[in-house]
Amino acid sequence: MKHRWLCSILLLSGLAVAGQAQETFVTETVSMVESRTVALELRPGYRTDLWKVKNTNTEVTDTLIRTDVNARWSPMDKVEVMMEIPYLRDTVEQTATADDKDSGLGQVILGGKYAFCPMGGAALRVELPTGDKDKMLGEGLNIGLALLAEKAVGPVKTYANVGYLIKQEYKTTFDVANAAKTKVDPGDILQLNLAAVYPRFGLDWVGEANMNFIGKQKRGGTTVSGSDATGVALLVGANKKLTEQIGVKAALSWEVSEEAARSVDTVRGSGDYKVTLAANYRFKY
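Nothing here was measured: the structure is a model prediction, and the numbers come from that model.

On to the overall build of the chain. Summing up its helical and strand segments, the chain has one helix and 17 strands in all. Expected size for 285 residues packed as a compact globule is a radius of gyration near 19 Å; at 20 Å, the chain falls within 12% of this value. Dimensions along the principal axes, computed over C-alpha positions, put the chain at roughly 60 × 40 × 35 Å. Within the span of the chain, comprising 285 residues, buried residues form 41% of the whole. Excluding contacts between residues fewer than 6 apart, the proportion of contacts in the chain whose partners are at least 24 apart in sequence is 57%. Only carbon and sulfur atoms are counted for the fraction: they give 62% of the accessible area of the chain, which is about 15,000 Å².

Here you go:
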């Protein structure tokens, strides 16, 4: 009975945001596409990260072009499932050495969420080991769980996520001269995402703060010194609804944290800066 009363109160206070599609870029919303609706999104992104190797004059630039095909489907009220298929092109440039270029399928992501109230929900995310680990285009099987919240404050819609990503061990070849596979145990990640959406000048303006608290990594059973870090990225973007079915959005994000956590991996992190574009289409069946 208490649960029913609580949901009724939350329904009244969160009515302004219920039933909306995903407006944010990283932060997951409780609201979702309408029941029996499919939402497709094409999302290309460009990320670059420049740093200097300690105690040397070597400069390294990592440029990642990631193009995602994302599908979200709501088979029934309060439930949404999603699939994301990424294609990656990664280029690493170092002083006085040839560029290292790799491309291919990244980690395919499957997930879903359940809204137990209009202001609260939970999400599951599974990152499959589909990317080539030797080319550093992917990792092992990663599983994430998150609690979701959202609330309308006047014209502003606010969102928050607290999640934990469990990263599984995998084997890869780091040294080209050594063909032996090395076991890697990447550190788990505690995630905190905050977002706000404000309508103005015919656009929905988006601001986000995305934080990744990264645990220590092990390679070959040995803990990597300094591998634990805290990554903090800020994002500013905008959405534009062209028709009832078609929308576009764009964002610029950048890291304000220590260098060790700026890229994190091929899924998370904004590097020195990251540009994201997207076009989406929704249809009912």
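We are not done yet, so read on.
All right, on to the nonpolar core then. The tendency in soluble globular proteins is for nonpolar side chains to be buried as a group. Membership of the largest hydrophobic core is limited to seven residues, which are Phe25, Tyr159, Ala195, Val197, Val206, Leu235 and Ala251. Once you skip the residues sitting within four places of it in the chain, valine 197 turns out to touch Glu23, Thr24, Pro155, Val156, Lys157, Tyr159, Asp204, Trp205 and Val206.

In this section: the pairing of strand 11 (residues 189–200). Pairing analysis gives nine bridges linking strand 8 (residues 156–167) to strand 11, with the strands arranged antiparallel. The residue of strand 11 that forms the bridge with tyrosine 159 is alanine 195. The pairing of strand 11 with strand 12 (residues 203–214) spans twelve bridges and is antiparallel. Paired with leucine 192 across the two strands is methionine 211, which belongs to strand 12. Between the end of strand 11 and the start of strand 12, which pair antiparallel, lie two residues, with phenylalanine 201 showing a positive phi angle near 55°.

Going through the model one piece at a time under the given rule, you end up with 21 salt bridges. The salt bridge partner of arginine 268 is glutamate 127, with a shortest N-O separation of 2.8 Å. Taken together, the positions of arginine 268 in the loop between strand 16 (246–255) and strand 17 (273–284) and glutamate 127 in strand 6 (residues 120–127) put the pair 141 residues apart, joining distant regions of the chain. A relative accessible area of 7% places arginine 268 in the buried class. For glutamate 127, a relative accessible area of 0% gives the class buried.

Here we come to the confidence of the model for the chain. With 91% of its residues at a pLDDT of at least 70, the chain reaches an overall mean of 89. Below pLDDT 50 for its whole length, residues 1–20 participates in 21 contacts with residues either more than four positions away or in separate chains.

Before going further, it helps to spend a moment on the packing of aromatic side chains. For the structure shown, the criterion picks out two aromatic pairs. Aromatic side chains tyrosine 46 and tyrosine 273 sit 6.3 Å apart centroid to centroid with 40° between the ring planes, which places their arrangement in the tilted category. A residue pair is termed long-range when its members are at least 10 positions apart, and tyrosine 46 in strand 1 (residues 37–52) and tyrosine 273 in strand 17 qualify at 227 residues. For tyrosine 46, a relative accessible area of 33% corresponds to the partly exposed category. The lysine or arginine in question, arginine 200, covers the ring of phenylalanine 201, its NZ or CZ lying 4.9 Å from the ring centre. Its end group placed over the ring of phenylalanine 25, lysine 249 keeps NZ or CZ at 5.1 Å from the ring centre.

Nonpolar side chains collect at one region of the surface, where Tyr46, Ile65, Leu234, Val236, Leu252, Trp254, Val256, Tyr273, Val275 and Leu277 lie side by side and expose about 780 Å² of accessible area between them. Breaking the nonpolar patch down by element, the ones donating at least two residues are strand 15 (229–241), strand 16 and strand 17. Among the elements that line the nonpolar patch, the one with the most residues is strand 17, at three residues.

Attention now goes to the sheet that holds strand 13 (residues 218–219). The strand order 9-10-13-14 describes an open sheet built from four strands, whose pairing is antiparallel. Strands with a single pairing partner mark the edges of an open sheet, and in this sheet they are strand 9 (170–172) and strand 14 (222–223). The pairing of strand 9 with strand 10 (residues 182–185) spans three bridges and is antiparallel. From the neighbouring strand, tyrosine 170 faces strand 10, where its bridge partner is valine 184.

Rules behind the numbers
- Residues numbered from 1 in each chain as written.
- Predicted model: local features only at pLDDT ≥ 70, side-chain atom pairs only at ≥ 80, totals over all residues.
- Heavy atoms only, no water.
- Helix = DSSP H or I, 4+ residues; strand = E, 2+ residues; numbered from the N terminus.
- Rg over C-alpha atoms; globule rule 2.2 N^0.38 Å.
- Buried < 20%, exposed > 50% of the residue type's maximum accessible area, 1.4 Å probe, protein only.
- Contact = heavy atoms within 4.5 Å.
- Areas by Shrake-Rupley, 256 points an atom, 1.4 Å probe, with all protein chains shown as cover.
- Core = buried A, V, L, I, M, F, W, Y, C linked by side-chain atoms within 4.5 Å.
- Pairing = 2+ DSSP bridges.
- Salt bridge = Lys/Arg side-chain N within 4 Å of Asp/Glu carboxyl O.
- pLDDT = per-residue confidence, 0-100.
- Phe/Tyr/Trp six-rings, centres within 6.5 Å; stacked < 30°, edge-to-face > 60°.
- Lys NZ or Arg CZ within 6 Å of the ring centre and 35° of its normal.
- Patch = residues over 30% accessible without salt bridge, like charges linked within 9 Å, V, L, I, M, F, W, Y side chains within 5 Å.

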